[in-house]
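Observations on the three-dimensional arrangement
Letter by letter, the chains look like this.
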Amino acid sequence: MSGLFSAAYLRQIGWDVDIYERSREPLVGRGAGITTHPELLEALESCGAGTRDLGVEVEKRVTINQAGCVIGEKSLRQILTSWDRLQYLLQQNVPAEHYHLGCAFERVEQDGSGVRVHFADGLSESADILIGGDGIRSGVRAQVAPDVQPIYAGYYIWRGAPNEADLAPETLQSIFPYFTFFLPECQQVIGYPIAGLNNELAPGRRRYNLIWYRVGDADVLKNMCVDEAGHQHYYSVPPPLIRKALVAEMRADAAKIMPPVFLDALNKIAHPFFTPIYDFTSPSFVFGRTVLVGDAASSARPHMGFGVAKAGGDALALAQALRDHDDIDAALTQYDAARMPIGNRIVLHGRKLGTHLGVNLKTEEDRKMWELLQDYRAMMDWIAVPNFLAA
Ligand SMILES: Cc1cc2nc3c(=O)[nH]c(=O)nc-3n(C[C@H](O)[C@H](O)[C@H](O)COP(=O)(O)OP(=O)(O)OC[C@H]3O[C@@H](n4cnc5c(N)ncnc54)[C@H](O)[C@@H]3O)c2cc1C
């Protein structure tokens, strides 16, 4: 997303931009739900990608108890979309001849006035700037700032997106149309409707994005990261390789605590997968002529659902700085000064919301925030809402 946003904004000010994507296949049918905010919608419009058929609109949030009864409501219109819909809209906005699949970044050389970038298949290219928009495990960042590492939050999520058509009538009626919370102690279950495969928005053809936050320390995570063949992974396990016994254990745990409607949605996910939650901010977003944007530069815990809007904001700030300065290095200094503090602020806010899960509450402020968020009304006010921008 951040690479595509960068290409769009830079092309608007007359730069030549090429995108090199590691995946050999088009990035369709991937990723799960994405909450949108006005900041993201504005970024999509201003970069030229637009917001057509973006997703499913919900009118309110509800919180349910273990019996499935609604215990709280809050009116909040939001469009829920998916990673692949956003990726599609952004990619359509870049000429096909400048978008190169199957090009995995390997290393960059820089001499103060430009970069030479080498890719895994032997291709290399020269440019004025390299923009690393290659996500939280950025290979670009690993070269220019190897000490900057994502930090495990002490919790992870199970997730998946069952088809609307597979859900029970009770599930469709009670939770499917809304942004729904179930909040047992030290856990969060959140669900909302998203488009179906191929961005199907018609009733009956959509999907339900289900997320279950659970606490697990580094040892628990390490054990979860052993795959079906006994191979140890380090950050997470590709969904098809997740141990069947782990999935069965998760389903058994869910049966003990989840309201029947959420359990129905979970049971309809054919291949649930887990994502450990990490965050970090790079102390600088600029290393010579190599620039970091999006999750490569800083990545917050996903409680605000602001990552893609942040990616768009980084890209816009970079283009504005390059527009405003004849000197590229001065422009990059301005970009760094403008975006690094914002990235950090978003990360800190994510940690604040993460206190709900009760992990590593170190300060009095953490404990107060934890206490505040034990009230489901506060969770409906704060989760997936960019209200921290006003602070
Ligand atoms: C559980 C969860 C829920 C989230 N929910 C939301 C939400 O509701 N709303 C929201 O806005 N954000 C959400 N986010 C965050 C959002 O997904 C990210 O912030 C966003 O995808 C970051 O975009 P990016 O382009 O920086 O990185 P990515 O989307 O990770 O893209 C990086 C790209 O770089 C490519 N790449 C990687 N390595 C290489 C290489 N060596 N060479 C070439 N290409 C490479 C990858 O294939 C990929 O296409 C969520 C994140 C998580 C984990």
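Throughout what follows, the structure given in this document is the object of discussion. This one's a predicted model, so the numbers in the text were calculated from it and none came from an experiment. (Residues numbered from 1 in each chain as written. Predicted model: local features only at pLDDT ≥ 70, side-chain atom pairs only at ≥ 80, totals over all residues. Heavy atoms only, no water.)

Considerations on the pattern of salt bridges
Note the threshold: Salt bridge, as used here: a side-chain nitrogen of Lys or Arg that lies within 4 Å of a carboxyl oxygen of Asp or Glu. The way it works is that DSSP assigns letters per residue, a run of H or I at least four long becomes a helix, a run of E at least two long becomes a strand, and they are numbered from the N terminus. Classification of residues uses two cut-offs on accessible area relative to the type maximum, computed with a 1.4 Å probe and protein chains only: under 20% is buried, over 50% is exposed, and between them is partly exposed.
Enumeration over the complete set of coordinates arrives at 17 salt bridges. When the shortest N-O distance is used, the salt bridge between Asp253 and Arg214 registers 2.9 Å. Here the residue Asp253 occupies a position in helix H7 (residues 244-257), and Arg214 occupies one in strand E13 (residues 207-215), the gap between them amounting to 39 residues. Residue classification places Asp253 among the partly exposed positions, given a relative accessible area of 22%. Using a relative accessible area of 16% as the deciding quantity, one classes Arg214 as buried. Connected through salt bridges with shared partners, the residues Arg214, Asp253 and Lys256 form a single ionic network.

Observations regarding the packing of helix H9 (residues 307-324) against helix H10 (residues 328-354)
What counts here: Axes, fitted as lines to C-alpha atoms, cover a helix only where it is in contact. Angles between the N-to-C directions of the axes lie from 0 to 180 degrees. Throughout this description, any angle smaller than 35 degrees is read as roughly parallel, any larger than 145 degrees as roughly antiparallel, any in the 65 to 115 degree range as roughly perpendicular, and the remainder as oblique. In this scheme, a crossing is called left-handed if the near helix is turned counterclockwise away from the far one by less than a right angle; it is called right-handed if the turn is clockwise. In this analysis, two residues are considered to be in contact whenever any of their non-hydrogen atoms come within 4.5 Å of each other.
Remark: H9 packs on H10, axes separated minimally by 8 Å, with the N-to-C direction vectors making an angle of 155°. In terms of orientation, H9 lies roughly antiparallel with respect to H10. At the point where H9 passes H10, the crossing takes the right-handed sense. Listed contacts from H10 to Lys310, Gly313, Asp314, Ala317, Leu318, Ala321, Leu322 and Asp324 of H9 are Ile328, Ala331, Leu332, Gln334, Tyr335, Arg339 and Ile346.

Let's talk about the sheet that holds strand E8 (residues 124-127)
In a beta sheet, neighbouring strands are held together by backbone hydrogen bonds and run either parallel or antiparallel to one another. Rules: Two strands form a pair only when DSSP identifies at least two bridges running between them.
Read from one edge to the other, the open sheet built from 3 strands follows the order E6-E7-E8, with strand pairing classed as antiparallel. The open sheet has two edge strands, strand E6 (105-110) and E8, and neither has a second partner. Averaged over all adjacent pairs, the angle separating strand axes in this sheet is 20°, with direction ignored. With 5 bridges connecting them, E6 and strand E7 (residues 115-119) associate as antiparallel partners. From the neighbouring strand, Gln110 faces E7, where its bridge partner is Val115.

Quick look at unusual backbone geometry
Positive phi, normally seen in glycine, also occurs at Cys186, with a value near 60°. Relative to the helices and strands, Cys186 resides in the loop between strand E11 (179-182) and strand E12 (188-194). The partly exposed category is assigned to Cys186, whose relative accessible area is 28%. The backbone of Ala384 shows a phi angle near 55°, a positive value even though the residue is not glycine.

Some thoughts on helix H1 (residues 2-12)
Burial analysis of H1 places 8 of its 11 residues in the buried class, the great majority of the element. For H1, the set of buried residues is Ser2, Leu4, Phe5, Ser6, Ala7, Ala8, Tyr9 and Leu10. Each element contacted by the buried residues of H1 is listed here: strand E1 (19-20), helix H2 (38-46), helix H3 (83-92), strand E5 (99-100), strand E9 (130-132) and H9. Among the residues trailing H1, Gly14 stands out with phi positive, at a value near 95°.

Considerations on the site of the ligand
Heads up, the condition is: Working definition: residue near molecule or strand if any one of its non-hydrogen atoms lies within 4 Å of it. Here a polar contact is recorded for every N or O atom pair within 3.5 Å, except that within protein the pair must consist of a potential hydrogen donor and a potential acceptor, and residues adjacent in sequence are included only if both atoms are side-chain atoms. Note on areas: Shrake-Rupley with a 1.4 Å probe; residue coverage comes only from the protein chains shown. Each residue gets one label: Ala, Val, Leu, Ile, Met, Phe, Trp, Tyr, Cys and Pro are nonpolar, Asp, Glu, Lys and Arg are charged, and the others, such as Gly, are polar.
Around the ligand, the surrounding shell holds 24 residues, and the nearest of these are Ser2, Glu21, Thr35, Phe105 and Asp295. In this structure, an oxygen atom belonging to the ligand sits 2.7 Å away from a main-chain N or O atom of Thr35. Surface burial for the ligand is 83%, taken as the share of its 1,000 Å² of free accessible area covered by protein chains. Of all the elements in the fold, those that place two or more residues in the shell around the ligand are strand E2 (33-35), strand E10 (151-160) and H9. Of the residues that constitute the shell around the ligand, the class distribution is 12 nonpolar, 7 polar and 5 charged.

Read these as spatial facts, not as claims about activity.
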